[in-house]
Amino acid sequence: MVFPEYRPRRLRRNKQLRSLIRETRLSPEQFIYPLFVLPGKGIRDQVSSMPGVFRLSVDQLAKEAKELIGLGINHVILFGLPEKKDSMGSGAHAKDGIIQKAIKELKNKVPELMVTTDVCLCEYTSHGHCGVLINKMVDNDATLDILGQVALSHAVAGADIVAPSDMMDGRVAEIRGILDENNFDQIPIMAYAVKYASAFYGPFRDAAACAPQEGDRQGYQMDPANAREAMREATLDVDEGADILMVKPAVAYLDIISRLRDEFDLPIAAYHVSGEYAMIKAAAANGWIDGERVMAETLLSIHRAGADIIITYGAKEVAKMLQG
Ligand code: PBG
């Protein structure tokens, strides 16, 4: 059937018709909101390159968590700034480390909020790399054992999901093994399966103070040019026991999200990263775009591409929009 018999505009005539045939919907239940936690008391420090995003001390977390629950957002992912860094990133698995304290505080005060943790060393190493250095190279196998300790320490503190973001080979199997040995077989692993060596992480590295002192992350994160390799990375993580597959960044990699969606039946998450958020905020601050609508349209595109779960700094503002 073609024009004039067929007229697609018939179904766009009014709001009710448009919403009847809408294929994709955003809901705050799909969102995971990142929180940055830092030492001290009474601190609520705005990240300059990420307007609306604050670094909070542990005592400020419960208030933030209650606001999120009020907006229908049930999940956070935590990032920590430790008091001290060292070459082995030992603050990442310290019993009284910043993340371990943050998890306990949140699970005590707002138990219904689900806490995911980022399992990585970069915020805790003095050199800023995601693994330990041997002869100036990030050593894969020496890092695995430490990552296992980090994941276990998060589970012991009460984390609901662990999310390894380091991109070492074999880390999902390592973490699954150590969690299972310690009776944490119920804790899911959300693997940063496909994480690119991206320039979009800039504002995050300011917020979390984790830029590498020397070199870059191209020796472990993926080349932005590669799509077939993303399928191999995801297959490995599935075989090693991942429960959720993540693609990161999101908007510049919608094709990858879509390919993973077609290829795998596990839940897919996408991380709408700091640079992607900051660009929208910067253009909106200049009055060049309608920031709220662009944020919502962006998250919709990520969902439409195939992501079930969206990790985003825009979660609160879009949740407010959805509430009307
Ligand atoms: C590493 C990690 C990074 C992000 C999340 N986990 C930084 C990196 O790989 O350099 C980036 C998130 C963002 O840019 O919002 N622990």
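Residues numbered from 1 in each chain as written. Predicted model: local features only at pLDDT ≥ 70, side-chain atom pairs only at ≥ 80, totals over all residues. Heavy atoms only, no water.

Draft legend 1. The arrangement of the site of the ligand in detail. Taken together, 18 residues surround the ligand, and among them Lys195, Arg205, Lys248, Ser274 and Tyr313 come closest. The separation between a nitrogen atom of the ligand and a polar side-chain atom of Ser165 is 3.2 Å. Side-chain polar atom of Lys195 to an oxygen atom of the ligand: 2.7 Å apart, as the coordinates give it. Counting residues per element, the ones that place at least two in the shell around the ligand are strand E9 (190-195) and helix H6 (202-207). Split into classes, the residues belonging to the shell around the ligand amount to nine nonpolar, three polar and six charged. (Near = heavy atom within 4 Å. Polar contact = N/O pair within 3.5 Å; in protein donor to acceptor, adjacent residues only side chain to side chain. Helix = DSSP H or I, 4+ residues; strand = E, 2+ residues; numbered from the N terminus. Nonpolar A, V, L, I, M, F, W, Y, C, P; charged D, E, K, R; others polar.)

Draft legend 2. Quick peek at the UniProt feature "binding site: Zn(2+)" (unreviewed entry) in the protein chain. The sites that carry the UniProt feature "binding site: Zn(2+)" (unreviewed entry) are, in the present numbering, Cys120, Cys122 and Cys130. As for the largest cavity, its lining draws on Cys120, Cys122 and Cys130 from among the annotated residues. Tracing the backbone through its elements, the reader meets Cys120 in the loop between strand E5 (114-119) and strand E6 (133-134). Setting aside its immediate chain neighbours within four residues, Cys120 contacts Ala92, Cys130, Leu147, Ser165 and Asp166. You can see Cys122 is positioned in the loop between E5 and E6. A relative accessible area of 5% means that Cys122 is categorised as buried. Contact partners of Cys122, with chain neighbours within four places excluded, come to Gly128, His129, Cys130, Cys210 and Arg217. (UniProt positions renumbered as here; feature names shortened; annotations may be inferred. 1 Å grid on protein atoms, 1.4 Å probe; cavity = no way out; pocket = protein on both sides within 12 Å on 5 of 7 lines; lining within 4 Å. Contact = heavy atoms within 4.5 Å. Buried < 20%, exposed > 50% of the residue type's maximum accessible area, 1.4 Å probe, protein only.)

Draft legend 3. Examining empty space enclosed by the protein more closely. In the structure shown here, the tally under the stated rule is three cavities of 30 Å³ or more. Approximately 150 Å³ is the volume found for the largest cavity. Contributing to the lining of the largest cavity are 20 residues, with Cys122, Lys195, Tyr201, Phe204 and Lys248 lying nearest its centre. For the lining of the largest cavity, the secondary structure elements donating two or more residues are E9 and H6. When its residues are assigned to classes, the lining of the largest cavity shows 11 nonpolar, three polar and six charged. Lining the second largest cavity we find Met167, Met168, Asp169, Gly170, Arg171, Glu233, Leu236, Asp237 and Glu240. (Points joined across faces, edges and corners; volume = space filled by probe spheres on them.)

Draft legend 4. Expanded view of the nonpolar core. The biggest cluster of nonpolar side chains holds 105 residues, and the ones touching the most others in it are Leu78, Val194 and Leu260. A per-element tally of this core places helix H4 (residues 140-157) first, with seven residues. When neighbours within four sequence positions are excluded, Leu260 is seen to be in contact with Val194, Ala230, Met231, Ala234, Leu245, Val247 and Ile268. (Core = buried A, V, L, I, M, F, W, Y, C linked by side-chain atoms within 4.5 Å.)

Draft legend 5. Region of the structure containing the UniProt feature "binding site: Mg(2+)" (unreviewed entry) in the protein chain. Sites flagged by UniProt as "binding site: Mg(2+)" (unreviewed entry) map to Glu233. Positionally, Glu233 belongs in helix H7 (residues 228-240). Those residues within four positions of Glu233 in sequence are excluded, and the remaining contacts are Met167, Ala193 and Met222.

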